[in-house]
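Fold and geometry: a report
Read off the chains here:
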Amino acid sequence: MFKKGDTVDYHSIIGGPITKAGLTIISNPFQTPSGDMVVFVGGVSGYVDVEALTYANCTRPTPKKSCPFCGDTMDIDDSECPRGHQC
């Protein structure tokens, strides 16, 4: 769980690309009346759902898919599998 002083990256779309990098959490996490866990982050207006944050310099694994022809695994953005099939 995040805590005051942690350095984080903010994603305006949860799971999307980094919107603002290297921000500092300026409050400890707290729960809103609706049940969301949030924090205040320097450089962002209002509080931020902790789901919209990742630790700074955290790398996410590249999503994978399988080739429908041979079953080989490849990055989700690839249109050709390692064996040359157009997927």
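Coordinates for the structure precede this section.
Overview of the structure. Every value quoted in this text rests on a predicted model; they were computed, and no experiment measured them.

A few words now on the overall build of the protein. When its secondary structure is counted, the protein shows zero helices and eight strands. Helices (α) and strands (β) of the protein occur, in sequence order from the N terminus, as β-β-β-β-β-β-β-β. The 87 residues of the protein split such that 28% are buried. For the protein, contacts bridging at least 24 residues in sequence account for 25% of all contacts bridging at least 6. Of the roughly 5,700 Å² of accessible surface on the protein, a fraction of 52% belongs to carbon and sulfur atoms.

Counting 12 residues, the largest nonpolar core consists of Phe2, Val8, Tyr10, Leu23, Ile25, Val39, Val41, Val44, Val48, Val50, Ala52 and Leu53. Residues within four places of Val50 in sequence aside, it is in contact with Phe2, Met37, Val38 and Val39.

Our next topic: the environment of Lys20. The topology assignment puts Lys20 in strand S2 (residues 20-24). In this structure the C-alpha to C-alpha distance between Lys20 and Val8, which are 12 residues apart in sequence, comes to 8.9 Å. Not counting residues within four places of it along the chain, the set of residues in contact with Lys20 comprises Asp9, Tyr10, Gly43 and Val44. A polar side-chain atom of Lys20 sits 2.6 Å from the main-chain carbonyl oxygen of Gly43.

A few words on the side chain of Thr54. Tracing the sequence through the fold places Thr54 in strand S6 (residues 53-55). Here Thr54 falls in the buried class, since its relative accessible area comes to 13%. Separated by 2.9 Å, the side chains of Thr54 and His11 make a polar contact.

In a beta sheet, neighbouring strands are held together by backbone hydrogen bonds and run either parallel or antiparallel to one another. Pairing is antiparallel in the open sheet, where three strands are placed in the order S2-S1-S6. Looking at strand neighbours, the two that pair on one side only are S2 and S6, the edges of this open sheet. Strand-to-strand twist in this sheet, taken as the mean axis angle between neighbours without regard to direction, amounts to 40 degrees. Relative to S2, strand S1 (residues 7-10) runs antiparallel, the two being bridged by three bridges. Paired with Thr7 across the strands is Thr24, a residue of S2.

Conventions adopted
- Residues numbered from 1 in each chain as written.
- Predicted model: local features only at pLDDT ≥ 70, side-chain atom pairs only at ≥ 80, totals over all residues.
- Heavy atoms only, no water.
- Helix = DSSP H or I, 4+ residues; strand = E, 2+ residues; numbered from the N terminus.
- Buried < 20%, exposed > 50% of the residue type's maximum accessible area, 1.4 Å probe, protein only.
- Contact = heavy atoms within 4.5 Å.
- Areas by Shrake-Rupley, 256 points an atom, 1.4 Å probe, with all protein chains shown as cover.
- Core = buried A, V, L, I, M, F, W, Y, C linked by side-chain atoms within 4.5 Å.
- Polar contact = N/O pair within 3.5 Å; in protein donor to acceptor, adjacent residues only side chain to side chain.
- Pairing = 2+ DSSP bridges.
- Axes fitted to C-alpha atoms, helices over the stretch in contact; angles between N-to-C directions.

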